[in-house]
Amino acid sequence: MPTQPGKESVSAPTAAADLTREELPYRLRQQSLLGEFGRSAMQTRDIGQILQRATELCAQGLETSLAKVLEYMPDDRRLLVRAGVGWALGTIGQVSLGIDMESPAGYAFQTGQMVISNHLQEETRFRTPMLLSDHGIKRAINVLIARGGEGNVPFGILEVDSADPGQFDAADADFLAGFAGLLGIAIERQHADADLKEALDHQAMLTREMSHRVKNSLASVVGLLRVQGRNAESEDVRNALKDAASRITTIAQVHDHLWRSNKIGFVDIADFAGELCRKLQETVAHRISCAFDPLMISADKAIPLGLLINEIVTNSAKHAYPEGSGEIRVSGKLHGSDLRVEVSDQGIGLPTDFDIDQPRASLGFKVIKSLIAQLEGRIAVTSNTPKGVMIQLDVPLDENTG
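Residues numbered from 1 in each chain as written. Predicted model: local features only at pLDDT ≥ 70, side-chain atom pairs only at ≥ 80, totals over all residues. Heavy atoms only, no water.

A. Region of the structure containing the sheet that holds strand β11 (residues 338-345). Spatially, β8-β10-β11-β13-β12 is the arrangement adopted by the five strands of the open sheet, whose pairing is mixed. Since the sheet does not close on itself, it has two edges, and those belong to β8 (287-292) and β12 (378-383), each with one partner. Between one strand axis and the next, the sheet turns by 10 degrees as a mean value, whatever way the strands run. Pairing of β12 with strand β13 (residues 389-396) involves six bridges; the strand directions are antiparallel. From the neighbouring strand, V381 faces β13, where its bridge partner is I391. Most of the contacts of helix α7 (residues 269-281) go to β8, to which it runs at about 180 degrees, and overall it touches β8, β10 (327-335) and β11. (Pairing = 2+ DSSP bridges. Helix = DSSP H or I, 4+ residues; strand = E, 2+ residues; numbered from the N terminus. Axes fitted to C-alpha atoms, helices over the stretch in contact; angles between N-to-C directions. Contact = heavy atoms within 4.5 Å.)

B. View of α7. When the terminal C-alpha atoms of α7 are compared, their 18 Å separation across 13 residues agrees well with the 18 Å that a helix rising 1.5 Å per residue should span. Among the residues making up α7, those that are buried are I269, A270, F272, A273, G274, E275, L276, C277 and L280. N-cap assignment for α7: the residue whose side-chain oxygen lies 3.0 Å from the backbone N of A270 is D268. (Expected span 1.5 Å × (residues − 1). Buried < 20%, exposed > 50% of the residue type's maximum accessible area, 1.4 Å probe, protein only. Polar contact = N/O pair within 3.5 Å; in protein donor to acceptor, adjacent residues only side chain to side chain.)

C. Molecular detail of unusual backbone geometry. Backbone geometry at E63 places phi at a positive 50 degrees, although glycine is not the residue there. Here E63 shows up in the loop between α2 (47-61) and β1 (66-73). The phi torsion at E376 lies on the positive side, around 55 degrees, for a residue other than glycine. By the element assignment, E376 lies in the loop between α9 (363-375) and β12. With relative accessibility at 63%, the residue E376 sits in the exposed group.

D. How the structure looks around the pairing of strand β2 (residues 78-85). Taking burial as the measure, the eight residues of β2 include six buried ones, the bulk of the element. The sheet contact formed by β1 and β2 spans seven bridges and is antiparallel. Note on β2: the bridge partner recorded for Y72 is L79. Adjacent in sequence and paired antiparallel, β1 and β2 are bridged by four residues, among which R77 carries a positive phi angle near 55 degrees. With three bridges joining them, β2 and strand β3 (residues 96-98) adopt antiparallel strand pairing. Across the sheet, residue L80 finds its bridge partner in β3, namely S96.

E. Spatial organisation of the environment of G38. Mapped onto the secondary structure, G38 falls in helix α1 (residues 12-43). Note on G38: relative accessible area 16%, which makes it buried. For the pair G38 and F179, spaced 141 residues apart in sequence, the C-alpha separation works out to 8.2 Å.

F. The arrangement of the state of the cysteines in detail. Tallying each qualifying case throughout the model produces zero disulfides. The thiol of C290 is not disulfide-bonded; the next cysteine sulfur, from C277, is found 3.4 Å away. (Disulfide = S-S within 2.5 Å.)

G. Main features of the packing of aromatic side chains. Evaluated as defined, the whole model comprises four aromatic pairs. Plain terms: the ring middles of Y72 and F109 are 4.7 Å apart, the flat faces sit at 35 degrees to each other, and that makes the pair tilted. With a gap of 37 residues between them, Y72 in strand β1 and F109 in helix α3 (residues 104-111) connect regions that are remote in the sequence. Taken as a pair, Y72 and F109 share a single burial class, namely buried. Within the aromatic cluster, the residues linked to one another by ring pairs are F37, F175 and F179. Over the aromatic face of F168 sits the side chain of R139, whose NZ or CZ is 4.3 Å from the ring centroid. (Phe/Tyr/Trp six-rings, centres within 6.5 Å; stacked < 30°, edge-to-face > 60°. Lys NZ or Arg CZ within 6 Å of the ring centre and 35° of its normal.)

H. Examining the confidence of the model for the protein chain more closely. Summary statistics for the protein chain give a mean pLDDT of 81 and a share of 79% for residues scoring 70 or more. Every residue in residues 3-19 is under pLDDT 50, and counting partners more than four places away or in other chains gives six contacts. (pLDDT = per-residue confidence, 0-100.)

I. Focus on the environment of L339. Mapped onto the elements of the fold, L339 is located in strand β11. Overall, the relative accessible area of 1% leaves L339 in the buried class. Residues L339 and L397, spaced 58 residues apart in sequence, show a C-alpha to C-alpha distance of 6.7 Å. When near neighbours in sequence (up to four residues on either side) are disregarded, L339 contacts I269, L295, L305, G332, K333, L334, L393, D394, V395 and L397.

Right, dumping it as structure tokens:
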């Protein structure tokens, strides 16, 4: 606590009582400033703002106009003035101090001990750095800003200086150490955030690379199936291989969107469905129209949903217009917490005795039922209203879909 030089001493009991009455508001204010800093440090991720605010509040708490944070720069083995109040223009971010044991800051940095120097001009333990001499500093406190974790190099030093005569005491140093402790936590949190972001970025890169490679591998499989299909003697075999290639192409398209997506593990259903319909258009004689609302859905949903669309459109293309060409419409939009997908045509419709739940339903509809079960969705099939077929799919979405 600062004292007034030359003040006459009084009897011990009276002096103690006076000191208590004078010191209590001073210490309470320090605790208030420490609490204020703790709250503000937890509310911002900008380490520059945190360091600057710490110097401002420390100067207030020790009733001086000068304070600074010195950050250790490993490459130069020096302490750079990173933030501060009361210093001449051109000091912050440019002036640095050595870490030798002959300077107060260097000694605190290397030993981890608090350094209180109340008479720098008479100090025999240390030399006074030029920065302090130029500002007429008479007394200073230096405390270490440590970082969590064994073996971590300390961040630097928190220092409060004064050009006025007086005394800093151990309680003042403890106050400063409290700020240094909070700074260490804030700094470590920032490093943890940076490490986490780096890890997530690396994971995202690996995920994209994996999806890209899967897409390329599936494309190779599609190529082999098409070659086999062209060489097959049986029409049924050729058709089966063609259908298999189409399904695998759909899965490959999902992985193509995955590795390009900004949101790892998700695809935009509007882009994906639009591209899927364009690919299907190349293989059928009918016009395929597609209209989906933009919506990010997980790959776990996109793959079976893409296979569903592929299967339904392929079935319509095969059976809806036996005597000519027509249109197949595909659409999708958010419906409550579900994605509602509708595929319709204006063709001949389904047989009057058609029942999707009967074992004799076509292989295509069996595949559709299996995919709907995988998605935990619902399917409704309407035929001949007024003509053609309408298939409606309701697929529940994940909570983080958006």
